[in-house]
Amino acid sequence: MSKIAFVFPGQGAQYAGMGKDFYENSETAKAVFHQASEVTGLDIPALCFEENENLNQTKYTQIAMVTTEVAILKVLEENGLKPEVTAGLSLGEYSAIVASGAMKAEDAFQTVLHRGAFMQEAVPEGGAMAAVLGLEYPVIEEVLAGIDGVVSIANYNCPGQIVITGWADAIEKATQPLKDAGARRVLPLKVSGPFHSQLLTGAGEKLGEVLKKVEISEFSIPYVANLTADYVKEAAPVKELLMKQVSSPVRFQQSVERMVADGVDTFIEIGPGKTIAGFVRKISPESKVINVDKWEDLAKCLEEI
């Protein structure tokens, strides 16, 4: 019997048209998109389905992604699929908590709408991110510890692919030392700011005020938190974890390693793209990875499980 984890992608995987075939083929999915529109006052189907400039703006991307992920999640649940654990990459953590039963979808929609706005507003001039390829994270941590200025790891994605974040000049200072330590490449990323760095602490604090009004219920399924790469099984720590997550590294590699160590052998990526599937295959090549992005993926997923 497979031990299944539902995993959800984060910002960056969005594309115009995401979720449209679920909307057109499932009344359950359609209801989720309409609920998100009602809660946020935005035309979420238009935001997700039509070519538009807003989709790649952080304050709109986040609500679009989470709506799409929750819509697909509800269709999977309707078809009898249930995981033993959930997890998400950065923004995807909200969808993971919805899947765990601890947060209502409408609360997730409201919260990520604020989260996206706070993160976009908090972006300082001169912030940047870069991908470090071909170097393991303990070496990267050691190199960054010797660099003047704000620079740290943002994402522990998978072996050989780590993202760093901070001031652009500090990232520039770190580039040659990282290459000298064995990095194959250090690639600047086209992002709007230094996400998951201490420079976004203020955005996390504002988010904390919003989260005070959100009800976190008891969990029906545990999730693995980005901040700790550990299981969360009760409501008490959730709000602080989500608040700190904005300015702290995403420990996705460690999260997958934790789930695999506990017997998870099947990962179902729910939402746009195949980013997480690629990471999981590098972290745990022996695991089964299934992606549900398009309507046609649903039937394939149900056949394989």
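Residues numbered from 1 in each chain as written. Predicted model: local features only at pLDDT ≥ 70, side-chain atom pairs only at ≥ 80, totals over all residues. Heavy atoms only, no water.

Peer 1: Looking at this structure, I do not really get the pairing of strand β1 (residues 4-8). What am I missing?
Peer 2: As a general feature of sheets, a regular strand has side chains that alternate between the two faces. For β1, a buried count of 5 out of 5 residues is recorded, marking the element as mostly surrounded by other parts of the structure. Here β1 shows two buried faces, one formed by Ile-4, Phe-6 and Phe-8 and the other by Ala-5 and Val-7. In the sheet, β1 pairs with strand β9 (residues 266-270) via 4 bridges, with the strands oriented parallel. Opposite Val-7, over in β9, you have Glu-269 as the bridge partner. Where β1 meets strand β2 (residues 85-88), 4 bridges bridge the pair, whose relative direction is parallel. Within β2, the position partnered with Phe-8 by the bridge is Gly-88. (Buried < 20%, exposed > 50% of the residue type's maximum accessible area, 1.4 Å probe, protein only. Helix = DSSP H or I, 4+ residues; strand = E, 2+ residues; numbered from the N terminus. Pairing = 2+ DSSP bridges.)

Peer 1: Could you clarify how one ought to interpret the pairing of strand β10 (residues 288-292) in this entry?
Peer 2: The buried count for β10 comes to 4 of 5 residues, which makes it a mostly enclosed element. Pairing analysis gives 5 bridges linking β9 to β10, with the strands arranged parallel. By the bridge assignment for β10, Ile-268 is matched with Ile-290. For the crossover from β9 across helix α12 (residues 275-283) to β10, the handedness is right-handed. (Right-handed = clockwise from strand over helix to strand, strands pointing away.)

Peer 1: Explain the sheet that holds strand β4 (residues 151-158) here, please?
Peer 2: Two modes of strand pairing occur in sheets, parallel and antiparallel, and in both the strands are linked by backbone hydrogen bonds. Across the sheet, 4 strands lie side by side as β4-β5-β3-β6; this open sheet has antiparallel pairing. With one partner strand each, in any of the chains shown, β4 and β6 (185-188) form the two edges of the open sheet. Here the average twist between neighbouring strands, direction ignored, is 25 degrees. Bridging between β4 and strand β5 (residues 161-167) involves 6 bridges; their strand directions are antiparallel. The partner of Ser-152 across the bridge, within β5, is Thr-165. Of the strands in this sheet, β3 (127-133), β4 and β5 are in contact with helix α7 (residues 137-145), which crosses β4 at around 175 degrees. (Axes fitted to C-alpha atoms, helices over the stretch in contact; angles between N-to-C directions. Contact = heavy atoms within 4.5 Å.)

Peer 1: Sorry, what's going on with the layout of surface pockets here?
Peer 2: Empty space among the atoms becomes apparent when a probe as large as a water molecule is rolled across them. Reported here for the largest pocket is a volume of approximately 650 Å³. What lines the largest pocket is a set of 29 residues, among which Gly-10, Gln-11, Gly-12, Leu-189 and Val-191 lie closest to the centre. Within the residue set of the lining of the largest pocket, elements represented by two or more residues are α4 (58-78), α6 (105-122), β3, β4, β5 and α12. Looking at side-chain class alone, the lining of the largest pocket contains 12 nonpolar, 15 polar and 2 charged residues. (1 Å grid on protein atoms, 1.4 Å probe; cavity = no way out; pocket = protein on both sides within 12 Å on 5 of 7 lines; lining within 4 Å. Points joined across faces, edges and corners; volume = space filled by probe spheres on them. Nonpolar A, V, L, I, M, F, W, Y, C, P; charged D, E, K, R; others polar.)

Peer 1: Please explain helix α2 (residues 27-40) as it appears in this structure.
Peer 2: An α-helix turns once per 3.6 residues; consequently, residues spaced three or four apart project the same way. In this model, α2 (14 residues) spans 20 Å end to end at C-alpha, consistent with the 20 Å of a helix rising 1.5 Å per residue. By the burial criterion, the buried members of α2 are Ala-29, Val-32, Phe-33, Ala-36, Ser-37 and Thr-40. Down the axis of α2, the buried set is contained in an arc of 135 degrees. They therefore lie on one face. Every exposed residue of α2 that faces more than 90 degrees away from the buried side is listed here: Glu-27 and Glu-38. The inward-facing, buried residues of α2 contact α1 (20-25), α3 (44-49), α4 and α6. Sitting at the amino-terminal end of α2 is Ser-26, which places a side-chain oxygen 3.2 Å from the backbone nitrogen of Thr-28. (Expected span 1.5 Å × (residues − 1). Arc of directions from axis to C-beta. Polar contact = N/O pair within 3.5 Å; in protein donor to acceptor, adjacent residues only side chain to side chain.)

Peer 1: Quick question: what am I supposed to make of the pattern of salt bridges here?
Peer 2: Here the idea is simple: oppositely charged side chains can pair when their charged atoms come close. Using the criterion set out here, one finds 7 salt bridges in the structure. Residues Glu-121 and Lys-206 are paired through a salt bridge, measuring 3.9 Å at the closest nitrogen-oxygen approach. Of the two residues, Glu-121 sits in helix α6 while Lys-206 sits in helix α9 (residues 201-211), which places them 85 residues apart along the sequence. For Glu-121, a relative accessible area of 54% puts it in the exposed group. (Salt bridge = Lys/Arg side-chain N within 4 Å of Asp/Glu carboxyl O.)

Peer 1: I keep staring at the nonpolar core and nothing clicks. Help me out?
Peer 2: The nonpolar side chains of a soluble globular protein tend to be buried, and buried together. Core analysis: the largest hydrophobic core is formed by 68 residues, its most contacted members being Phe-6, Leu-76 and Ile-268. The biggest single contributor to this core is α4, with 10 residues. Apart from the residues lying within four places of it in its own chain, the contact partners of Phe-6 are Leu-73, Leu-76, Leu-81, Lys-82, Pro-83, Val-85, Thr-86, Ala-87, Ile-268 and Ile-270. With 20 residues, the next largest nonpolar core counts Ala-5, Val-264, Ile-276 and Ile-283 among its residues. (Core = buried A, V, L, I, M, F, W, Y, C linked by side-chain atoms within 4.5 Å.)

Peer 1: Quick question: what am I supposed to make of a positive patch on the surface here?
Peer 2: Residues Lys-179, Arg-184, Arg-185 and Lys-282 make up a contiguous surface patch of positive charge. The residue Lys-282 is located in helix α12 in this model. (Patch = residues over 30% accessible without salt bridge, like charges linked within 9 Å, V, L, I, M, F, W, Y side chains within 5 Å. Areas by Shrake-Rupley, 256 points an atom, 1.4 Å probe, with all protein chains shown as cover. Lys, Arg positive; Asp, Glu negative; His and termini not counted. Charge placed at Lys NZ, Arg CZ, Asp CG, Glu CD.)

Peer 1: Even after reading the chapter, I still don't get the packing of aromatic side chains, so can you show me in this structure?
Peer 2: Centre-to-centre distance and the angle between the planes together describe a pair of aromatic rings. Under the counting rule described, the total for this entry stands at 7 aromatic pairs. Between Tyr-23 and Phe-33 the ring centres are 5.8 Å apart and the planes differ by 80 degrees, which places this aromatic pair in the edge-to-face class. Of this pair, Tyr-23 sits in helix α1 while Phe-33 sits in helix α2, and the two are 10 residues apart along the sequence. Like Tyr-23, the residue Phe-33 is buried in the burial classification. (Phe/Tyr/Trp six-rings, centres within 6.5 Å; stacked < 30°, edge-to-face > 60°.)

Peer 1: Can you help me understand the environment of Arg-251 in this one?
Peer 2: With respect to the helices and strands, the residue Arg-251 is situated in the loop between α10 (238-245) and α11 (252-261). Sequence spacing of Arg-251 and Lys-179 is 72 residues, and the spatial spacing of their C-alpha atoms is 23 Å. Beyond its immediate sequence surroundings of up to four residues, Arg-251 is in contact with Tyr-156, Asn-226, Leu-227 and Ala-229. Of the polar contacts made by the side chain of Arg-251, one reaches the backbone oxygen of Leu-227; its length is 3.5 Å.

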